[in-house]
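Residues per chain are reported as follows:
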Amino acid sequence: MDYTQQVQQAVERRNGGEPEFLQAVTEVLESVKPVIERHKEYQDAAILERITEPERQIMFRVPWQDDKGDIQVNRGFRVQFNSAIGPYKGGLRFHPTVYLGIVKFLGFEQVFKNALTTLPLGGGKGGCDFDPKGKSDNEVMRFCQSFMTELQRHIGQDTDVPAGDIGVGGREIGYMYGQYKRLNNEFTGILTGKGLKWGGSLVRTEATGYGLTYIVEEMLKDTGSAIEGKTVAMSGSGNVAIYAVEKVHQLGGKVVTLSDSSGWIHDPEGIKLDLVQDIKEVKRGRIKEYADEVKSATYTEVGSGANVWSVPCDIAMPNATQNELNGDDAKTLIKNDVKAVGEGANMPCTPEAVEAFIEAKTLFSPAKAANAGGVATSGLEMSQNSMRMSWTFEETDAKLKGIMQSIHVQCKEAAEEYGCPGNYVAGANIAGFIKVADSMLAQGLV
Ligand code: NDP
């Protein structure tokens with residue numbers, strides 16, 4: 001058994017019952033095998049053992065009172081995974097499925113993603129098994145205040161800077177920021193995704209969806225193609241999906257599907273974004289309401305067979321959640337001649353799906369590269385907060401675009417250097433790993 005396999009076994013032994021975390025680790029270990037074989041110093045310094053073990057894991061009780069006066073108790077998490085290249089950085093997810101394994105998988109992915117952004121950002125992630133759906137604004141506020149009352153001990157502008165993720169948008173960031181400020185009596189950049197009037201950055205809201213679209217455009221450009229004139233199938237209808245639709249439409253493509261956890265819509269005439277934003281961002285409603293209003297659209301409930309990936313498209317962007325696109329979905333997309341896939345969500349494609357895309361030579365940008373625009377712009381928000389300045393939309397968007405182009409080049413060059421040209425999964429893992437591993441080597445046994 002070689003070094004990588006030994007570490008894989010040890011990680012499996014120590015992290016039983018956390019399949020998402022093991023899935024994320026397995027992919028990285030497989031990708032970096034040729035790097036480990038070429039650089040014995042990583043094995044000598046036990047880099048793989050250390051990089052797969054979080055520096056710190058925090059779990060805490062979150063008690064709060066609902067509108068009826070009943071007491072509710074949730075479980076909060078913050079996993080500070082790796083600080084070799086900067087303060088821990090990564091979002092908070094509020095969703096009933098959140099448990100330690102999900103937070104660890106997201107934190108582990110974040111380490112390599114953040115390394116790709118070219119910015120000095122370590123990796124972390126957090127969240128809670130709280131479900132904001134169906135809660136009143138006051139309930140969400142009381143919950144956020146309780147969550148931050150504990151979390152504030154562990155974060156800081158130079159230590160750990162959380163942001164949003166599933167279930168955590170501008171409203172939740174606002175309530176958490178207010179509570180941090182009240183407890184610490186300081187106005188510093190301890191969260192990103194803040195409102196524009198109180199320390200937020202222009203483009204942060206749009207960043208993940210825009211960045212995803214920019215990197216898909218870069219991949220297509222390499223093959224003499226472009227998004228213009230292409231049909232795009234997308235899942236999700238949250239922050240990532242909404243701004244990916246906006247950018248795809250600006251670049252002349254046409255998005256024809258969106259979804260939420262209840263069902264999905266197909267509008268062959270192209271998704272009307274204003275309506276989606278009204279349903280999702282203003283009314284906090286369900287995607288079904290789109291088909292109730294738009295004649296050209298159809299709605300299909302989850303569980304009735306087909307999903308968004310059955311709709312013929314040139315480009316697929318899974319933007320909802322982990323493992324939402326499986327091997328069969330990938331085969332359907334390939335059969336329908338999909339040209340490019342960009343992962344807007346974190347780990348949305350199962351290992352079987354990723355393998356199928358790589359085998360079919362479909363252009364495939366993995367989440368670590370494709371959705372890094374969100375955290376990159378969070379990094380830009382941190383810079384602006386430290387400088388007490390703010391950049392214009394155009395300036396920030398140009399920086400985001402430059403970062404996405406750099407990420408694409410890093411993935412491409414690392415894949416070529418290690419003998420798998422065109423495999424951006426391996427390229428992203430290798431490029432991110434080398435930056436973090438070299439920094440860990442330089443800093444000694446910590
Ligand atoms: P939102 O909460 O804004 O939207 C999530 C969307 O995905 C909703 O449409 C939601 O539907 C759907 N969804 C969530 N869970 C499930 C599920 N289990 N099954 C089916 N659909 C589901 O989140 P974001 O758009 O911010 O995040 C989406 C993905 O992108 C996540 O994987 C996140 O980690 C990743 N990401 C987000 C970044 C950001 O800046 N926001 C940055 C990088 C990655 P419903 O409303 O019914 O739950």
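Computed from a predicted model, the values in this text were never measured in an experiment. (Residues numbered from 1 in each chain as written. Predicted model: local features only at pLDDT ≥ 70, side-chain atom pairs only at ≥ 80, totals over all residues. Heavy atoms only, no water.)

Novice: Just to check I follow, could you spell out the site of the ligand for this structure?
Specialist: The full set close to the ligand counts 24 residues, and D165, T208, S261, R286 and N346 are the nearest of them. Note that an oxygen atom of the ligand is positioned 2.9 Å from one of the backbone N or O atoms of S237. One of the side-chain nitrogen or oxygen atoms of N346 is found 2.8 Å away from an oxygen atom of the ligand. With the chains in place, 83% of the 890 Å² that the ligand exposes on its own is no longer accessible. (Near = heavy atom within 4 Å. Polar contact = N/O pair within 3.5 Å; in protein donor to acceptor, adjacent residues only side chain to side chain. Areas by Shrake-Rupley, 256 points an atom, 1.4 Å probe, with all protein chains shown as cover.)

Novice: What should I look at first to understand the domain arrangement of the protein in this one?
Specialist: Interface size is commonly expressed as the accessible surface area that is lost when the partners come together. Taken domain by domain, the protein consists of domain 1 (3–187) and domain 2 (207–365). The C-alpha-based centres of domain 1 and domain 2 are spaced at 26 Å. Overall, the association of domain 1 and domain 2 removes approximately 940 Å² of surface from exposure, summing both partners, and the carbon and sulfur fraction of that is 45%. If you sort the residues of domain 1 by the area they bury against domain 2, Q23, F105 and R171 come out on top, with a joint share of 43%. In this assembly, domain 1 and domain 2 are joined by zero salt bridges. Breaking the side of domain 1 that touches domain 2 down by element, the ones donating at least two residues are α2 (19–38) and α5 (100–116). For the side of domain 1 that touches domain 2, the leading source of residues is α5, giving four residues. A breakdown of the residues in the side of domain 1 that touches domain 2 according to their chemical character gives five nonpolar, one polar and seven charged. (Domains from an automatic or database assignment. Buried area = accessible area lost by both parts, 1.4 Å probe. Salt bridge = Lys/Arg side-chain N within 4 Å of Asp/Glu carboxyl O. Helix = DSSP H or I, 4+ residues; strand = E, 2+ residues; numbered from the N terminus. Nonpolar A, V, L, I, M, F, W, Y, C, P; charged D, E, K, R; others polar.)

Novice: In this structure, what is going on with unusual backbone geometry? I would like to understand it.
Specialist: Negative phi characterises most residues that are not glycine, and trans characterises most peptide bonds. One non-glycine residue with positive phi stands out, namely V203, at about 80 degrees. Positionally, V203 belongs in the loop between α7 (170–184) and α8 (207–222). On the basis of relative accessible area, V203 is assigned to the buried category, the value being 2%. Residues other than glycine seldom take positive phi values, yet M347 does so here, at roughly 50 degrees. You can see M347 is positioned in the loop between β12 (340–342) and α13 (351–359). (Buried < 20%, exposed > 50% of the residue type's maximum accessible area, 1.4 Å probe, protein only.)

Novice: Help me out: how do you make sense of helix α17 (residues 424–442) in this one?
Specialist: Two residues of an α-helix separated by three or four positions point the same way, owing to the 3.6 residues in each turn. Over its 19 residues, α17 runs 27 Å from end to end, which matches the ideal 27 Å to within 8%, given 1.5 Å per residue. In terms of residue burial, α17 counts as a mostly covered element, since 14 of its 19 residues are buried. (Expected span 1.5 Å × (residues − 1).)

Novice: How should the packing of aromatic side chains be read in this particular structure?
Specialist: For any pair of aromatic rings, the description consists of the separation of the ring centres together with the inter-plane angle of the planes. Tallied over the entire structure, the rule returns 17 aromatic pairs. Both rings, one in Y177 and one in F187, keep their centres 5.3 Å apart while their planes meet at 70 degrees; by these two values the pair is edge-to-face. With Y177 in helix α7 and F187 in the loop between α7 and α8, this pair connects stretches of sequence that are 10 residues apart. Judged by its relative accessible area of 3%, Y177 falls in the buried class. (Phe/Tyr/Trp six-rings, centres within 6.5 Å; stacked < 30°, edge-to-face > 60°.)

Novice: What is the right way to read the packing of helix α6 (residues 137–151) against α7 from this model?
Specialist: Any two packed helices are characterised by how steeply their axes cross, that is the angle between the axes, and by the distance between the axes. Between α6 and α7, the least distance of the axes is 8 Å, while the angle of their chain directions is 45 degrees. Between α6 and α7, the interaxial angle falls into the category oblique. With respect to the hand of their crossing, α6 and α7 are arranged in right-handed fashion. Between α6 and α7, the residues in contact are D137, V140, M141, C144, Q145, F147, M148 and T149 and R171, E172, Y175, M176, Q179, Y180 and L183, respectively. Residue composition of the contact of α6 with α7, by class: nine nonpolar, three polar and three charged. (Axes fitted to C-alpha atoms, helices over the stretch in contact; angles between N-to-C directions. Parallel < 35°, antiparallel > 145°, perpendicular 65-115°, else oblique. Left-handed = near helix turned anticlockwise from the far one by under 90°. Contact = heavy atoms within 4.5 Å.)

Novice: Any chance you could explain the environment of L400 here in plain terms?
Specialist: Among the secondary structure elements, L400 is positioned in helix α16 (residues 393–417). Along the chain, L400 and Y210 lie 190 residues apart, while their C-alpha atoms are 8.6 Å from each other. Leaving out residues up to four positions away in the same chain, L400 has contacts with V203, A207, Y210, G211, Y214, G373, T377 and L380.

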